[in-house]
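Each chain, written out:
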Amino acid sequence: MTKDRSDLINGLAAAMGAGNFSATKYVENKYDKGTGTFYCNGHIISATTIQKASDFFESNMNRCNRSTSEGNEMYLIYETAVEAIKMMRQTNANQNSAIVASDKQ
């Protein structure tokens, strides 16, 4: 990411109420344990939205009919999403810095 783009993103985030965001440089796809915020592909995803996603996947997981191969596969897909969110939160709860969720460039 270019310095100009990074400065623009940091400035916009600060203007939107993210506080002194420029002190922590913008990094694509990271979870900030201090705020519970996930920065993903240029989006700022709040802790509330992350919880809603987790609830959505868990609700759908529990509705799957595991007696069919299709239902069981969907169950595993939803379970993967639920567990990934839990792992993101748990891993970060035991560390002092944010984890990078993706290394794509």
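Residues numbered from 1 in each chain as written. Predicted model: local features only at pLDDT ≥ 70, side-chain atom pairs only at ≥ 80, totals over all residues. Heavy atoms only, no water.

Before we move on, could you go through the overall build of the protein and cite the residues and values that matter?
Counting its secondary structure elements, the protein contains three helices and four strands. Each helix and strand of the protein, ordered N terminal to C terminal, gives the series α-β-β-β-α-α-β. The buried share among the 105 residues of the protein stands at 27%. Within the protein, contacts between residues at least 6 apart in sequence are counted, and of these 40% link residues at least 24 apart. Of the roughly 7200 Å² of accessible surface on the protein, 54% is carried by carbon and sulfur atoms. (Helix = DSSP H or I, 4+ residues; strand = E, 2+ residues; numbered from the N terminus. Buried < 20%, exposed > 50% of the residue type's maximum accessible area, 1.4 Å probe, protein only. Contact = heavy atoms within 4.5 Å. Areas by Shrake-Rupley, 256 points an atom, 1.4 Å probe, with all protein chains shown as cover.)

Go over the packing of aromatic side chains with me, naming the residues and quoting the values.
Working definition: an aromatic ring pair is given by the centre-to-centre distance plus the angle between the planes. The tally for this structure, following the rule as stated, stands at two aromatic pairs. Here the aromatic rings of Phe56 and Phe57 are separated by 5.4 Å at their centres, their planes lie at 70°, and the arrangement is edge-to-face. Judged by relative accessible area, Phe56 falls into the partly exposed class, the value being 46%. With a relative accessible area of 24%, Phe57 lands in the partly exposed category. Considering the side-chain rings of Phe57 and Tyr78, the 6.3 Å spacing of their centres and the 35° angle between planes classify their relative orientation as tilted. A residue pair is termed long-range when its members are at least 10 positions apart, and Phe57 in helix H2 (residues 47-63) and Tyr78 in helix H3 (residues 69-93) qualify at 21 residues. Looking at Tyr78, the relative accessible area reads 18%, which means it is buried. Aromatic ring contacts, followed pair by pair, group Phe56, Phe57 and Tyr78 into a single cluster. (Phe/Tyr/Trp six-rings, centres within 6.5 Å; stacked < 30°, edge-to-face > 60°.)

Summarise the pairing of strand E2 (residues 37-40); cite the residues concerned and give the values.
In E2, alternate side chains face the same way, and those of Thr37 and Tyr39 on one face and Phe38 and Cys40 on the other are all buried. Bridge count for strand E1 (residues 30-32) against E2 is three bridges, and the pairing is antiparallel. Each residue of the ladder has a partner; that of Asp32, found in E2, is Thr37. Taking the residues that link successive antiparallel strands as the turn, the E1-E2 hairpin has four residues, and the phi of Gly36 there is positive, at about 75°. (Pairing = 2+ DSSP bridges.)

So what's going on with the nonpolar core? Residues and values would help.
Grouped together as the largest cluster of nonpolar side chains are six residues: Tyr31, Phe38, Cys40, Ile50, Ile85 and Met88. Among the secondary structure elements, those contributing two or more residues to this core are E2 and H3. Those residues in contact with Ile50, other than ones at most four positions away along the chain, are Tyr31, Gly36, Thr37, Phe38, Ile45, Ile85, Met88 and Arg89. (Core = buried A, V, L, I, M, F, W, Y, C linked by side-chain atoms within 4.5 Å.)

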